[in-house]
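Coordinates in review
Here is what each chain is made of, one letter per residue.
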Amino acid sequence: MMGSQFNIRRWSSKHVAKWLKEEGFSDYVDLLCNKHRLDGVALLTLTEYDLRCPPLELKVLGDIKRLMVSIRKLQKQHKDVLTEMGYTSDDCPGNVACATNSSQGKDCQCNGVEHFGDSGGSIGDTNSEQFQNGKYNKHQTRRLDPEYWKTILSSIYVFIVFGFTSIVMVIVHERVPDMQTYPPLPDIFLDSVPRIPWAFAMAEVCGVVLCIIWLLLLLLHKHRSILLRRMCSLMGTVFLLRCVTMFVTSLSVPGHHLQCSGKLYGDQWAKFQRALAIWSGFGMTLTGVHTCGDYMFSGHTVVLTMLNFFVTEYTPRSWNFLHTLSWVMNLFGIFFILAAHEHYSIDVFIAFYITTRLFLYYHTLANTRAYQQSRRARIWFPMFSFFECNVNGPVPNEYSWPLSRPRLLKRLIG
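Let me begin by describing the structure that accompanies this report. (Residues numbered from 1 in each chain as written. Predicted model: local features only at pLDDT ≥ 70, side-chain atom pairs only at ≥ 80, totals over all residues. Heavy atoms only, no water.)

Right, let's talk about the pattern of salt bridges for a bit. When the charged atoms of two side chains with opposite charge come close together, those side chains can pair. Going through the model one piece at a time under the given rule, you end up with nine salt bridges. A salt bridge links arginine 230 to glutamate 388, with the shortest nitrogen-to-oxygen separation between them at 2.9 Å. You can see arginine 230 sitting in helix α11 (residues 224–248) and its partner glutamate 388 sitting in helix α17 (residues 382–388), a full 158 residues away along the chain. Assigned by exposure class, arginine 230 and glutamate 388 land together as buried. One connected set of salt bridges, linked through shared partners, spans Glu48, Arg52, Lys65 and Arg72. (Salt bridge = Lys/Arg side-chain N within 4 Å of Asp/Glu carboxyl O. Helix = DSSP H or I, 4+ residues; strand = E, 2+ residues; numbered from the N terminus. Buried < 20%, exposed > 50% of the residue type's maximum accessible area, 1.4 Å probe, protein only.)

Moving on, we get to the environment of threonine 165. Mapped onto the fold, threonine 165 is located in helix α8 (residues 148–174). The exposure class assigned to threonine 165 is buried, which follows from its relative accessible area of 3%. Taking the C-alpha atoms as reference points, threonine 165 and leucine 241, 76 residues apart in sequence, are found 9.7 Å from one another. Contact partners of threonine 165, with chain neighbours within four places excluded, come to Phe239, Arg242, Cys243 and Met246. (Contact = heavy atoms within 4.5 Å.)

Before going further, it helps to spend a moment on the nonpolar core. By size, the foremost hydrophobic cluster in this structure holds 58 residues, and its most contacted members are Trp214, Met306 and Phe310. Per-element accounting of this core gives the leading share, nine residues, to helix α10 (residues 199–220). (Core = buried A, V, L, I, M, F, W, Y, C linked by side-chain atoms within 4.5 Å.)

Once that is clear, we can look at unusual backbone geometry. Note the cis peptide between proline 54 and proline 55, where omega equals 10°. Cis geometry is found at the peptide bond from methionine 296 to phenylalanine 297, where omega equals 15°. At arginine 37, a residue that is not glycine, the phi angle is positive and equals roughly 55°. Mapped onto the secondary structure, arginine 37 falls in the loop between α2 (29–35) and α3 (40–44). Judged by its relative accessible area of 67%, arginine 37 is exposed.

A few words now on a nonpolar patch on the surface. Together, Trp149, Ile152, Leu153, Ile156, Phe159, Ile160, Trp269, Phe272, Leu276 and Trp279 make up a nonpolar patch on the protein surface, roughly 1,000 Å² of accessible area in all. Mapped by element, the contributors of at least two residues to the nonpolar patch are α8 and α12 (268–280). For the nonpolar patch, the element with the most residues is α8, which contributes six residues. One can find phenylalanine 272 in helix α12. Its relative accessible area of 44% is what places phenylalanine 272 among the partly exposed residues. (Patch = residues over 30% accessible without salt bridge, like charges linked within 9 Å, V, L, I, M, F, W, Y side chains within 5 Å. Areas by Shrake-Rupley, 256 points an atom, 1.4 Å probe, with all protein chains shown as cover.)

Here's what the structure looks like:
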């Protein structure tokens, strides 16, 4: 064979082509040698992961397996060359099975199926990908499964959490402290800024504008299923935490303008109807919903901040106007909440902090897939691991029509 004639380091693409023909892989000479210019060293470090994934993407499983057997024989014959290049036996060049023993080479089990990650057996992979604002290097492989059934589950999750939140809001309204006994707490902002009666309605208008922008973005984004799943899981988790905080701690009403008194409903059915009214009205005063006692922490701030972060995260960095508009809506919405004296400053600050931290932690774990290397992370964040196990890396900002391109646009742009 050619391997015994001279050092494989000197093999050119022509030698690799001859070797492929000798091994019975003539069909791949053009792809591997002419298009991708594989020489002896490149052939020696080729892995099954390279064959399966872009840019090669071999489709015939039998050919992949047989070619890997031949490559492994070649690697065995040239162990000294691999050693000189810095590959030890632990690196297992070309051996995907060995990659399963590496925490960097295998993803966690997802739905009972093992998946291989970015470094799945590739030789010399430094895993030094650089991502910014959803952009990624084109040569890196990304697995972005829409998994609509998981998106449906996340929607059910946030649906249940919002219903539970409505029930808790009814309970805390009944327990609201008496204004005569417990006057408003001292607050630097509320004490310094006079109340603006229409400010809270403007805060909700800011939220509606951000929601419209987000829905348009979600409709046109190519990976809309993943985005919706992340929004539902994050929003549901933050509001579930809010249920706990406002249930265990009842703050006094922040302003005398609020007509808040403990409401004792006659029976459970009356409480359920009240909770249903809060849920169907999205807890907004614009829809006629007025609540008391749900101060720790601000749900309006959570929604404004979450929408802002999703809009800015899943649009290109060059969309400066949209990003500026999103942040202006977020910050002005927060200001209007405080100017209306509907929440204490600490309510708004905690809501903003928790929402931003949870958003950043979630996306950092999802983008780096660090949770795969830690069993503890998978135990403490089971829902995150479940939703994100088939999303391999950052979600790129790509857009497409949800169904098909409208006929008018087809005529205009062809």
